[in-house]
Amino acid sequence: TLAPTPAPTPAPLAAPRQVIIKVSDQDLYMTAAGGSVFTSTMKLQGDRASALNTPSSQFVLEDIGGGKFIVKVSDNDDLYWHAWGALYNWPIKLHNNGRTYASSTVYSQFEFEDIGSGKVIIKMAGPDMDLYAHFSPSDYDEIRLREGRDIALASSSAQFVVEEVGYQIYRMD
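Residues numbered from 1 in each chain as written. Predicted model: local features only at pLDDT ≥ 70, side-chain atom pairs only at ≥ 80, totals over all residues. Heavy atoms only, no water.

Turning our attention to the side chain of His134. As for its placement among the helices and strands, His134 is situated in strand E10 (residues 131-136). Overall, the relative accessible area of 5% leaves His134 in the buried class. Not counting chain neighbours up to four residues away, the residues in contact with His134 comprise Glu142, Ile143, Arg144, Arg146, Ile151, Ala152, Ser155, Ser157 and Ala158. (Helix = DSSP H or I, 4+ residues; strand = E, 2+ residues; numbered from the N terminus. Buried < 20%, exposed > 50% of the residue type's maximum accessible area, 1.4 Å probe, protein only. Contact = heavy atoms within 4.5 Å.)

Right, here's the structure in full:
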């Protein structure tokens, strides 16, 4: 008699990067203001130690292919970054429709373009969209989307440093 065929080995677990994100020219880190709850707005506040000790200041970058990422707050599997509101000056907030929604809508997909010297600019990944994340002190320290790659490249408030602080185990089913 033949031995039963062994079950196939499951695909390895993907390990999305867990990161903290700071504006390039200041000791201010991105956080979900008010904690990891639906509609929390991304803002800059606190220093590195605060970011490392605050789950709503840690994010998981999930690569969905084509240079695009969806970004989840580290302590809630359903809350992802989402461009919220009108076309220009959109704030980035947390949306609670989960991974399937985030990976299927351009308003929740972002590109992290390496511009050298350890810095990135963060672009909303939709086709023909020229919207980049900017730190806006005049808008209550919120992270908002503004037009123009050239502007993002020239403005330290649109340049960020992404520091990897670990991995989260997440099955990409």
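Now that the structure has been shown, the text picks up again.
It is worth spelling out the side chain of Ser136 at this point. You can see Ser136 is positioned in strand E10. Looking at Ser136, its side chain comes within polar contact range of the side chain of Arg146, at 3.2 Å. For Ser136, the contacting residues outside a window of four places in its chain are Asp141, Glu142 and Arg146. (Polar contact = N/O pair within 3.5 Å; in protein donor to acceptor, adjacent residues only side chain to side chain.)

A few words now on the pattern of salt bridges. Per the counting criterion, the structure on display carries seven salt bridges. Here Glu113 and Arg149 are joined by a salt bridge, their closest N and O atoms 2.3 Å apart. Within this pair, whereas Glu113 is found in strand E8 (residues 110-116), its partner Arg149 is found in helix H3 (residues 149-154), the two being separated by 36 residues in sequence. When its relative accessible area of 25% is taken as the criterion, Glu113 is described as partly exposed. (Salt bridge = Lys/Arg side-chain N within 4 Å of Asp/Glu carboxyl O.)

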